[in-house]
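# Overview (structure and organization)
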Amino acid sequence: MDTYQKPEDKDLQALKDVANRLRINSIKATCASNSGHPTSCCSAAEIMSVLFFNAMRYDAADPGNANNDRFVLSKGHAAPILYAAWVEAGFVKESDLLNLRKIDCDLEGHPTPKLPFVDVATGSLGQGLGASCGMAYTGKYFDKASYRVYCLLGDGESSEGAVWEAMAFASHYHLDNLVAIFDVNRLGQSEAAPLQHQTDIYKKRCEAFGWNTYVVDGHDVAELCYALWQAANAKDKPTAIIAKTYKGKGISGVENQDNWHGKPMPKDKVESIINEIQNQIKSNKNVTPLPPIRDVPEVSIANITMPTPPSYKVGDKIATRKAYGLALAKLGNANSRVIALDGDTKNSTFSEIFRNEHPDRFIECFIAEQNMVSVAMGCATRNRTVAFASTFAAFLSRAYDHIRMGAISQSNVNLCGSHCGVSIGEDGPSQMALEDIAMFRAIPSCTVFYPSDGVSTEYAVSLAANTPGICFIRTSRPDTAIIYSPEEKFEIGQAKVVRQSDSDRVTVIGAGVTLHEALAAADELAKQGINIRVIDPFTIKPLDAATIICSGRATGGHIITVEDHYKEGGIGEAVAAALAGEPGFILQSLAVRGVPRSGKPTELLETFGISAKCIVEAVKSTFAN
């Protein structure tokens, strides 16, 4: 270990002065917007000063540079002090702070990647450390580079279970390039945080999770410098710094007092508050950050293509969940930056195929789905990887807030949910994803793939790898027949008309297992002299409205949707939205109604009205009515 060289007194004073300028600018910005969290900023002022102007290495003129150290403000409500730090660094104009939270300003109430120095959006508390884990894992194991990752958390958000999922992940993978700083300022939003200033308990908890842990006075720049130096020299463990601070530090009558969360300073007191803090500043010494170590490898993740076409033959049978695993492993052969994550379901999602072929690019996240999603998003930042994360689709519902924040983060991450619908059979309703299409349809910039055979699954994986935003691939448990030739081409937003004739009387739209039920129904109806048109939408979002409307008109306006999903928010409602304003259509939706139960897949499809037999009955009832 290197010998510690304590900063000279003039340098420590400069860091103190920076901290007070950060306070002043945070107060000015929040007063100008008449909203925000100045007291939450003030508790973190010395932490931010030491991080940005003593510990971190980065190119201030190029905040998104891949070689830079990363910083994640998990306590996103303290955004003004982050913006103030970049004013000190010279990237943001001081005058811009006065436009905080205004409609035409990217300095929003909580950080988003509209700003080049923000990698992930924060503000929904407890998520920043998981994303930081993904960045640190990428730095240590994929980039094998020198950059470090720093995450500033609030003590209030430390009640979130996601924080401790991330703590467990970081220690398990020995992320010694990761530092978590807990700003223990005692006060939450509505009352004191549960542990208040019991820093000894925070220390014991962090140590119990396998972290190298230090307790410091969070307003003492010398202590912070030393703790961060120790963190940089620690090996094999991530480091936690428990910083005891005071909310509203430096503001007389406000410091460490209740009922000041999220409130700007009174306008008639602002001048005296700023003068009081200004009087503590001894100099305007310019403090320059250390430059980054430029050892990050150049990578390209654009235009990733499969090395060969699909190898399936029409009529073969394979579950789309297994086809996903095979396709992902194949994609991994095409680009060394394709990575896979899973939540201890790899032998069911078949991501284990990828792990077996590319073990150095597989991350086991264990049964912590919300952390898995955040880690994947962290891995994908700065275009370092193409991340695919998989689990049972039902379990992604617990990670929904992380997925929602991923959209705000402009994240390019791919999620695969297997075991959708009642067709999984005997495992019962706790394992059946019946809300997932609705979930992902509601996510902005999300593409929702619902492949129905091995060929379309392989195309879904390939397309997802090259599609901006969040992609969701819905896969099924049962083996189903290959219906497309390897030469078939798939595009986002383009449906396939799988069965058609000039005498079709009804258009039936199915996906996954229900597409195969629709084809079976078409065969049965054809024996009775009734022809129907069958459509595979391939992507539920965006939906190919033009093909659906055209086919619907050709079949007298009669459309039936059939889906292994609850009615609310599913394929039926997506089609209904597409038909809105179009005259002359009659839409019938076959979907799962009510909470299902255990049973054989065929029994459940029948019981819940989405089997081939039920489709036949629905088609005939269309004519009867």
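What counts, and where the lines are drawn
Residues numbered from 1 in each chain as written. Predicted model: local features only at pLDDT ≥ 70, side-chain atom pairs only at ≥ 80, totals over all residues. Heavy atoms only, no water. Helix = DSSP H or I, 4+ residues; strand = E, 2+ residues; numbered from the N terminus. Rg over C-alpha atoms; globule rule 2.2 N^0.38 Å. Buried < 20%, exposed > 50% of the residue type's maximum accessible area, 1.4 Å probe, protein only. Contact = heavy atoms within 4.5 Å. 1 Å grid on protein atoms, 1.4 Å probe; cavity = no way out; pocket = protein on both sides within 12 Å on 5 of 7 lines; lining within 4 Å. Points joined across faces, edges and corners; volume = space filled by probe spheres on them. Nonpolar A, V, L, I, M, F, W, Y, C, P; charged D, E, K, R; others polar. Axes fitted to C-alpha atoms, helices over the stretch in contact; angles between N-to-C directions. Parallel < 35°, antiparallel > 145°, perpendicular 65-115°, else oblique. Left-handed = near helix turned anticlockwise from the far one by under 90°. UniProt positions renumbered as here; feature names shortened; annotations may be inferred. Pairing = 2+ DSSP bridges. Right-handed = clockwise from strand over helix to strand, strands pointing away. Phe/Tyr/Trp six-rings, centres within 6.5 Å; stacked < 30°, edge-to-face > 60°. Lys NZ or Arg CZ within 6 Å of the ring centre and 35° of its normal.

## Remarks on the overall build of the protein
When its secondary structure is counted, the protein shows 21 helices and 19 strands. Taken against the 2.2 N^0.38 rule, which gives 25 Å for 625 residues, the C-alpha radius of gyration of the protein at 28 Å falls within 12% of a compact globule. Its C-alpha atoms give the protein principal-axis dimensions of roughly 90 × 50 × 40 Å. Taking all 625 residues of the protein together, 62% fall into the buried category. By sequence separation, contacts in the protein at least 24 residues apart represent 79% of the contacts at least 6 residues apart.

## Focus on the layout of surface pockets
Looking at the largest pocket, its volume works out to about 790 Å³. Lining the largest pocket are 28 residues, and of these Asn54, Ala55, Arg57, Trp229 and Leu290 sit closest to its centre. Listing elements by their share of the lining of the largest pocket, those giving two or more residues are α1 (9-33), α3 (45-55) and α8 (221-233). No other element matches the four residues that α8 contributes to the lining of the largest pocket. Forming the walls of the second largest pocket are 15 residues, and the residues nearest its centre are Asp119, Thr381, Arg382, Ser409 and Gln410. Classifying every residue of the lining of the second largest pocket gives six nonpolar, seven polar and two charged.

## As for the packing of helix α6 (residues 161-172) against helix α13 (residues 369-380)
Packing of α6 against α13 leaves a shortest axis separation of 9 Å and a crossing angle of 65 degrees. Considering the angle they form, α6 stands roughly perpendicular to α13. The two elements α6 and α13 cross, and the hand of that crossing is right-handed. Between α6, through Gly161, Ala162, Glu165, Ala166 and Phe169, and α13, the contact on the second element is made entirely by Glu369, Gln370, Asn371 and Val375.

## What to know about the UniProt feature "domain: Transketolase-like pyrimidine-binding" (unreviewed entry) in the protein
In this numbering, the UniProt entry assigns the feature "domain: Transketolase-like pyrimidine-binding" (unreviewed entry) to residues 318-482. Taken end to end, residues 318-482 comprises 39% helix and 20% strand; its first and last C-alpha atoms sit 7 Å apart.

## Remarks on the pairing of strand β10 (residues 413-418)
Most of β10 is tucked away, with six of its six residues classed as buried. Judged by which residues are buried, β10 turns out to be covered on both faces: Val413, Leu415 and Gly417 on one side and Asn414, Cys416 and Ser418 on the other are all buried. Pairing between strand β9 (residues 386-392) and β10: six bridges, direction parallel. By the bridge assignment, Ser390 is partnered in β10 with Cys416. A crossover connection joins β9 to the parallel β10 through helix α14 (residues 400-408); in handedness this β-α-β unit is right-handed. Here four bridges tie β10 to strand β12 (residues 471-474), and the two strands are oriented parallel to one another. Bridge pairing in β12 places Cys416 opposite Ile473.

## Concerning the packing of aromatic side chains
Evaluation of the coordinates by the stated rule reveals 25 aromatic pairs. On the basis of an interplanar angle of 85 degrees and a centroid distance of 5.8 Å, the ring pair of Phe52 and Trp86 is categorised as edge-to-face. One end of the pair, Phe52, is in helix α3; the other, Trp86, is in helix α4 (residues 79-89), and 34 residues separate them in sequence. Here the two residues Phe52 and Trp86 agree in accessibility, since each one is buried. Seen in terms of ring centroids, Phe440 and Phe472 are 4.0 Å apart; in terms of plane orientation they differ by 5 degrees. Their pairing is stacked. Within this pair, whereas Phe440 is found in helix α15 (residues 436-441), its partner Phe472 is found in strand β12, the two being separated by 32 residues in sequence. What makes Phe440 buried here is its relative accessible area of 0%. Here the aromatic cluster, defined as three or more aromatic residues joined through ring pairs, consists of Phe52, Phe53, Tyr58, Phe71, Tyr83, Trp86, Phe91 and Phe117. Seen from the ring of Tyr147, Arg70 lies directly overhead, with NZ or CZ sitting 3.7 Å from the centre.

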